[in-house]
Amino acid sequence: LAIMVLGLCFGLANAAMAVNTDITTVTVEVEDVEDLVAPADVTILMSYTVGQHNYHNYIVPRISKITYAHNSDTNKKITASAAADAGNVGNDIGITVVVTDGETAPGQIVTAGVGQTGVLLWDEIAHGDYTKTVTWTAEATIAGTPAGTYTFDVTFTATDV
């Protein structure tokens, strides 16, 4: 009886020590991410200061934000293009936009009243999630820009470098 009990114990011990494994493969699929949010609308009021040849400008907001996120292995760039409203009369308005940590040369998106296309604002953007400061400036001369309302639509575009 004792030998049977010992044999049974050894048999159970071997069964308890048996290893049984299985593998589960977990697949993670990550969506392509690319999201560009342009700065809020900007209003520029150009006013006359006695004795000056250029308008003094007041810009609201002078400083705004642009947000951009992407998860591509390819670096990206952001450009801007401006289109003047068809009703704009001749003017010499210049509008510049600068993205903090972007290009060192300011991006003049309107030159002498003419909207520019493909102006490089920010280059070599590695994958990540960014919020950058955008600063606007404007200029015009009293002789070159009559009184009126001038509208420019600015389109920000992200593309591969």
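(A) Inspection of the sheet that holds strand 9 (residues 119-125) at higher detail. Strand order in the open sheet formed by three strands is 9-5-11, with antiparallel pairing between adjacent strands. With partners counted over all chains shown, the strands left at the sheet margins are strand 9 and strand 11 (152-160), one partner each. Strand-to-strand twist of the sheet, defined as the mean angle between neighbouring strand axes without regard to direction, takes the value 20°. In the sheet, strand 5 (residues 76-84) pairs with strand 11 via nine bridges, with the strands oriented antiparallel. Its bridge partner lying in strand 11, Lys76 is registered against Asp160.

(B) Representation of the pattern of salt bridges in the model. Counted according to the given criterion, the structure contains three salt bridges. Between Lys76 and Glu34 there is a salt bridge, with its nearest N and O atoms 3.8 Å apart. In this pair, Lys76 is assigned in strand 5 and Glu34 in strand 1 (residues 34-37), connecting sequence segments 42 residues apart. For Glu34, a relative accessible area of 44% puts it in the partly exposed group. We note a salt bridge from Lys76 to Asp160, for which the minimum N-O separation is 2.5 Å. You can see Lys76 sitting in strand 5 and its partner Asp160 sitting in strand 11, a full 84 residues away along the chain. Judged by its relative accessible area of 7%, Lys76 is buried. Here Asp160 falls in the partly exposed class, since its relative accessible area comes to 43%. When salt bridges that share partners are traced, they join Glu34, Lys76 and Asp160 into one network.

(C) The sheet that holds strand 1, seen in detail. Strand order in this open sheet of six strands is 1-4-10-6-7-8, and the pairing throughout is antiparallel. On the outer flanks of this sheet lie strand 1 and strand 8 (114-115), each paired with one strand and no other. Note that strand 6 (residues 94-99) and strand 10 (residues 128-139) share six bridges and pair antiparallel. Counted as the bridge partner of Ile95 is Ala138 from strand 10.

Criteria and cut-off values
Residues numbered from 1 in each chain as written. Predicted model: local features only at pLDDT ≥ 70, side-chain atom pairs only at ≥ 80, totals over all residues. Heavy atoms only, no water. Pairing = 2+ DSSP bridges. Helix = DSSP H or I, 4+ residues; strand = E, 2+ residues; numbered from the N terminus. Axes fitted to C-alpha atoms, helices over the stretch in contact; angles between N-to-C directions. Salt bridge = Lys/Arg side-chain N within 4 Å of Asp/Glu carboxyl O. Buried < 20%, exposed > 50% of the residue type's maximum accessible area, 1.4 Å probe, protein only.

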